[in-house]
Structure formats: C-alpha cells, structure tokens
Amino acid sequence: MAEHGTDEPSSRTGSPNGEGRASGDRLSLHQRLAVRELIDTELSYLHLLRLCASDIRSRLQQLPQGDLDVLFSNIDDVIEVNSRFLHDLQETTSREEEQVYLIGNLFLEFQEELERVYRVYCASYDQALLLVETYRKEPELQREIQSVIEAVVPQAGPSGLSFLLVIPLQRITKYPLLLQKILENTVPDASAYPVLQRAVSALQDVNTNINEYKRRKEVASKYARVEQLTLRERLARLNTHTLSKKTTRLSQLLKQEAGLVPRTEDKEFDDLEERFQWVSLCVTEMKNNVAVYLDNLEAFLRFRPQECDLDIAGGPVPEYCSLMRELQLQAFPRFKQRLEGLVWQPLCTLVKALAGPQNLVRKRLDKLLDFERVEEKLLEVGSVTYEEQEARHTYQALNSLLVAELPQLNRLAVRWLGQILCTFVGLQRDLAQQVLQRAEGSLAQLPHYHLSEPAFWKLVEDTLGQNGHQLRSFQENFEKVLPPPTAQPLLPGAERQVQALLSRYGPEKLYQVTSNVSGAGTMDLTLLRGQVVALLQNKDTKGNSSRWLVDTGGHRGYAPAGKLELYHVISGQEEIKGQEGPHQDSHHLAPEPIPAPVPSLPTVTQAVAVYPFVARSSHEVSLQAGQLVTVLEAQDKKGNPEWSLVEVNEQKGYVPSSFLARAPSPAPWGWSLPS
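About the cut-offs
Residues numbered from 1 in each chain as written. Predicted model: local features only at pLDDT ≥ 70, side-chain atom pairs only at ≥ 80, totals over all residues. Heavy atoms only, no water. UniProt positions renumbered as here; feature names shortened; annotations may be inferred. Pairing = 2+ DSSP bridges. Helix = DSSP H or I, 4+ residues; strand = E, 2+ residues; numbered from the N terminus. Axes fitted to C-alpha atoms, helices over the stretch in contact; angles between N-to-C directions. Contact = heavy atoms within 4.5 Å. Core = buried A, V, L, I, M, F, W, Y, C linked by side-chain atoms within 4.5 Å. Buried < 20%, exposed > 50% of the residue type's maximum accessible area, 1.4 Å probe, protein only. Parallel < 35°, antiparallel > 145°, perpendicular 65-115°, else oblique. Left-handed = near helix turned anticlockwise from the far one by under 90°. Nonpolar A, V, L, I, M, F, W, Y, C, P; charged D, E, K, R; others polar. Patch = residues over 30% accessible without salt bridge, like charges linked within 9 Å, V, L, I, M, F, W, Y side chains within 5 Å. Areas by Shrake-Rupley, 256 points an atom, 1.4 Å probe, with all protein chains shown as cover. Salt bridge = Lys/Arg side-chain N within 4 Å of Asp/Glu carboxyl O.

- Identification of the protein chain as Rho guanine nucleotide exchange factor 37 from Mustela putorius furo is taken from an unreviewed UniProt entry.
- What UniProt records for the protein chain under Function (unreviewed entry) is the sentence "May act as a guanine nucleotide exchange factor (GEF)."

## Concerning the sheet that holds strand β5 (residues 564-566)
Thought 1: With respect to topology, 5 strands assemble into an open sheet ordered β4-β3-β2-β1-β5, the strand pairing being antiparallel. Two strands in the sheet have a free side with no partner beyond their single neighbour: β4 (556-560) and β5. On average, each strand axis in the sheet is tilted by 50° relative to the strand beside it, whichever way the strands run.
Thought 2: When strand β1 (residues 510-513) meets strand β2 (residues 532-537), the two strands line up antiparallel, connected through 3 bridges. Considered in β2, the bridge of Gln512 is made with Val532.
Thought 3: Lying on the sheet, helix α19 (residues 495-505) is in contact with β1, β2, β3 (547-551) and β4; it crosses β2 at an angle near 30°.

## Structural notes on the nonpolar core
Thought 1: The biggest cluster of nonpolar side chains holds 67 residues, and the ones touching the most others in it are Ile56, Leu71, Phe107, Tyr118 and Tyr175.
Thought 2: Here Phe107 is in contact with Leu38, Phe85, Tyr175, Leu179, Ala199 and Leu203, once residues within four sequence places are set aside.
Thought 3: Counting 35 residues, the second-largest nonpolar core is a separate cluster that includes Val283, Leu327, Phe335 and Leu431.

## Quick notes on the packing of helix α4 (residues 75-91) against helix α5 (residues 99-109)
Thought 1: As a packed pair, α4 and α5 sit with axes 10 Å apart at the nearest point and diverge in direction by 165°. When the axis of α4 is compared with that of α5, the two are roughly antiparallel. Note that α4 runs across α5; the crossing there is right-handed. Between α4, through Phe85, Asp88 and Leu89, and α5, the contact on the second element is made entirely by Ile103, Leu106 and Phe107.
Thought 2: The class makeup of the residues in the contact of α4 with α5 is 5 nonpolar, no polar and 1 charged.

## Notes on a nonpolar patch on the surface
Thought 1: Taken together, Leu451, Phe456 and Trp457 make up a surface patch of nonpolar side chains, about 290 Å² in accessible area.
Thought 2: The residue Phe456 is located in helix α18 (residues 453-480) in this model.
Thought 3: On the accessibility criterion, Phe456 (32% relative accessible area) is partly exposed.

## Regarding the sheet that holds strand β10 (residues 660-662)
Thought 1: Spatially, 5 strands are ordered β9-β8-β7-β6-β10 in an open sheet, and the strand pairing comes out antiparallel. Across the chains shown, the open sheet's two edge strands, defined by having one partner strand only, are β9 (651-656) and β10. Neighbour-to-neighbour, the strand axes of this sheet turn through a mean angle of 50°, independent of strand direction.
Thought 2: Examined bridge by bridge, strand β6 (residues 605-609) and β10 share 3 bridges and lie antiparallel to one another. Each residue of the ladder has a partner; that of Ala609, found in β10, is Leu660.

## Quick word on the pattern of salt bridges
Thought 1: Within this structure, the stated rule accounts for 25 salt bridges.
Thought 2: The closest approach of N and O atoms between Glu212 and Arg215, which form a salt bridge, is 3.2 Å. Taken together, the residues span about one helical turn, with Glu212 and Arg215 both in helix α11 (residues 192-223) at a distance of 3 residues.
Thought 3: A residue is classified by how much of its surface remains accessible, and Glu212, at 28% relative accessible area, is partly exposed.
Thought 4: Among the residues examined, Arg215 registers a relative accessible area of 26% and is labelled partly exposed.
Thought 5: Among the ionic pairs, Glu388 bridges to Arg373, the shortest N-O distance being 3.8 Å.

## Quick word on unusual backbone geometry
Peptide bonds are, in most cases, trans, and in most cases residues other than glycine have a negative phi.
Thought 1: A positive phi angle, near 45°, is found at Ser73, a position not held by glycine.
Thought 2: Of note, Ser73 is situated in the loop between α3 (65-72) and α4.
Thought 3: Assessed through its relative accessible area of 23%, Ser73 is described here as partly exposed.
Thought 4: Phi at Glu650 takes a positive value of approximately 65°, unusual for a residue other than glycine.
Thought 5: Mapped onto the secondary structure, Glu650 falls in the loop between β8 (643-648) and β9.
Thought 6: Given the relative accessible area of 77%, Glu650 is considered exposed.

Structure below.
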C-alpha cells in the first residue's frame, strides 16, 4: 500500500517529458484547428463572393450599370485572386508535416496581389455605402433589393447589401489574426515559425498600405472635383480663413521666385507632370481640330450643287448630280454620324476624364506651398499645430498618389487618344472607298481615266512641279517689293512707359510682344501685341529657356520667348518726326521700325497688307496679312508719308505705310486665282 501511495503522486503530476509531450500535442491540435478554420472560412468566403458576383448582381438589373460598378467594384478581380489562393491553400493539406510552413510562404507569395485587388475594393467601399443609403430612401426599390438578397443569401438578414459589401473588408483584416493564431500554436524552434512571423508582418503591412491608399483616394476625391462656380458663388465662399491661406501661399511663392527661400525639387513628379500636361494639350488640340472638322463638314453638307440649275444639257452633268445627291443623302450623313459617335464623343469623354487629374495637379501646388511653410516652421520652432501637421499629410498623400498613378494615367490617355486617331483614319478610309465605289461609273469619263497608274502619278508629279515652280516665282517677285522688317506699333500711351524701361534697363534689354499672350500658369503675364517689356532673365526657375522673366514697367512675370523680339529704339530725330504725324498725340504714332526708307505708293493704287494691323481709333482701319487694299492717299493730311489713307472692305482709314507693299501684276504666268 505504501509503495502504491508513493506512486500515486508521480502518476498525477507526470514526468517532465510527459508534460512536454502533452503540451506539444495540445499545440499541434490547436494548430491544426487554426489551419482548418483558415481553409474552411476561405472556402465559405469565396462562395459568398461568387454569389454576389453572379446571382445577386445579375438580379439587380433595375439598378443603373454605373451603380452596379460602384457597388461591386472589382469583385471579379478579388474572386480571381482568392480562387487561386484557395486552390493552393487546399493543396497544402496533402503535405501535413510541412503544411504550416507552406501556408506561411503562400501568404508571402500572394502579398502583393492581395494588396493590389483589395485596396481598390476598399477605396470604393464608402461610395458604395452612400448608394446603399440613397436606396433606403426609396422604399419600393429597397424592398426589391432586399427580396433579391434574402432569396440568395438568407443569412444577410435586414442588413442586406451592407452585409455583403463589408465581407471583403472583414476578410482582408482577418488574415493577420488567423495567421497569428497559427503562429501562437507553433513552437518557436520549428522551421515554420520565422516564416509565419514574416507572413503575419506582411499581412499587417498589407492592411496598413490599404488604409493609406484609401486615405489618399479620399483626399484626391476631395480635391479632384471640378466645380463650375459663378463669380458670386466664388465670392460667397471667401472668408477670413481662406484669405489667410491664399495670402500665405502667395507670400511663399513670391519668396521662392525672388530666391529668398529654396524651392522643393521633385524631379520624378516634374517629369510626370510635364508628360501629363503634354498629353492633355494633345487631347485638347485634337478635340478642337475635330470640332472645326465637324463644323466644316456641316457647312459642306449644307452646300448642295446638284440642286442648282447648271444650264448644261446632257453630258456628265446629270450623272454628276445623281452621284452628288446620293452622297449627300447617304454616304456623307452616315460618315458624320459615325464620326460623332466614334471620335467626337470619346474625345469629349477623355477631356472630362483628364479634368479631375488636372485639378489635382493644381491643388498639389497649393499643398506644396503649405508643406514648405510648415517644414520651415518645424525647423525653426520644432513643433507644429494639428492643422499644420494635417496639411503636411495632405500634401504627402496627394504627391504619393500622383507619382503612383500619373504614369498609368499617361499611358492610358495616350492609348485612348491613339485609338481615337486610328478610328478617325479608318472612317476617312471607309468614306473614300464608299465614294469611289459609288463613283465607279463617273470615273470612266475623267480625261486621264485610261492612263496606267504609273503614268497617272507621273502626270500628277509633273503638274505639281510646274505649279510649285510658279508659286516659288510668285513668292520671289512678291518678296522683292516687301519693306524691311519693322517693329510692331506701340500701344496707345506706351511711350512714357517705354522711356522708363529704356532708362532703367538700356536698349539691349527691351523686347516687343509680337502677338497677344494670355497668361495661364502661375506668374504668367497677359500681354498685348506691340507691348514693350524688359528682359530680366532668359529662363524660368526650372531652367526652361522658353519662358522668360520680364518686367512690363508695372508687373513682373513670365512670357513665352517665342512671342518676343528685340525692340529697335529709334533715334531722337526720327522720334520727333514720328511725333509730327497725322494726329499729334501718342495714340496715333506710326510704328517705330528699324531705320529704313518707307516705300512710296502712287495715289489710288492697289497694295497688299504685308503685316496685320489692328485699328486703335476711328481714324484707322484694321488689316489682315495678305489682304488687298486700295491706297487713296500715300500720306496723311499733313504730308507725313509714314501713314497712308486706304479703303478696304468699303471702309476708309489710315494704316502704317510700312505695312503695305505694291500688289504684283496679276496672272504673270498665264494663270489666275478663281474669283
């Protein structure tokens, strides 16, 4: 009995080895249960996703397609990734001894794919919830949606759509917890332990990155909205806070332009922005060109020569009229319809798609100025307010989002634009083929129809060569009577301003604007043709030599270098002579040319306007380059030959004589322009 009693406690407590084995068995059991929970819940989760994507989405056809796209987002991509993940997960069950190790590696392999698909879904989740709330305000529609969901997924209950939409968010956040549970039931010295640790950390990073991406998208959606506000609405939004922010930003910008504080350089973003602006410009130009093309096509369709009485009996005229009638009623209207649907509408959509990113790029500059100011304060004081810290985070979120997504946006926009161009070319080719097919009978009556193709092209080349030679001869003869290049006329009342610039900077720094400039960007000036400015620097702060920093005498800013030419200052005698012009005041001074003789024009003769001229008073008349005018007087009323009285478009007025040239004698080579 004594021996039996002695053995009794030993049997209750067990040996250390026995306790270790029991603990290991418990860990192994809990580990297997955790693995089984991971696989079983993944299977159930994927089944629910497929029900959402197939049965429920297909039965909610009463909702607009745009709503369905928002509600279910990229659920098809999520299903595709999770299907492969589940397949590989189930295959680990055949290798039970190293199953946990394989599961850890599997999560590491799918880390990037899981983040890629779930971040898109999570970013659109809030917008989907807003749609769900709008449906609840329509009882009949809400009942229809609820009945569909209850028929397919009864466990959804009264939550309905909200229950289904939140499932992917819950799943991605649960992965680290499931892995942590497996890790807790794995002995630290097991080979799978470090792999599971890395997998847990990787899935936590995935969730952190998804939250950061979601925050960036929320910031972007806030600032990417393009609102068409009236001036009154804009003024109504002004308050002390917004005025303070705008003033601070302007001050920061002026300090940078003056070189008082450094500018934050971001070469990667600058390159992406330049590419994006180039793509946007191409899209805008393409849209403008297509708009002009459609206007011309509309004008062409309104002109119907086949309905005119040509007063020509027989011959090809009836056939021509029949052909034109058929083309006007069928081929051309069909072409116009296809052009609007396949080219114009996609172009307009592309322009709208780029409006949000363009606004975002502009907002980034504002946020960059806030960021730089806060960084300066942080260096000086060592601390910032909560609002200033939020401004830093807003800029970082915007910048990161633009750097990440502008490359893809640029590629998609270029591809989209390329497809539109290819479609446009294809439509033109189809139209040409249709016209040729319909005109097959009329082609036989052409004078060169029986020529072989090489002989025909030889004839075309010879004809073009002859016409080109005639045009070159015309140009040479025309240039013989051109006056030397002149400066543009000064704007009214600009002499005093020019004198101030001249005395301050000297003649070698003065430039004249050759055509109107509309300032679009920051620090860009709006200038009028003929305005004189002083050059301060022949490049901008980024080293771009196509934008010059100039002084107008009242404002400083940037102007395109291509629209500036060196201003030629006239001598004192010529200036006095110019002031003795027809009207004795600076408002009607003749243009100040490079000293050259003014060509004398005989009274009542034809002349050609060499340069455009904009009338600045009722005594003057506007001209277009190349316009034919009648010279009534080759001088003004005081005998000044620098101004001529002309008649153009039944209007009489003065123009600079140096802007006119004798009209060449008509038809010198045996041909004339059609009337």
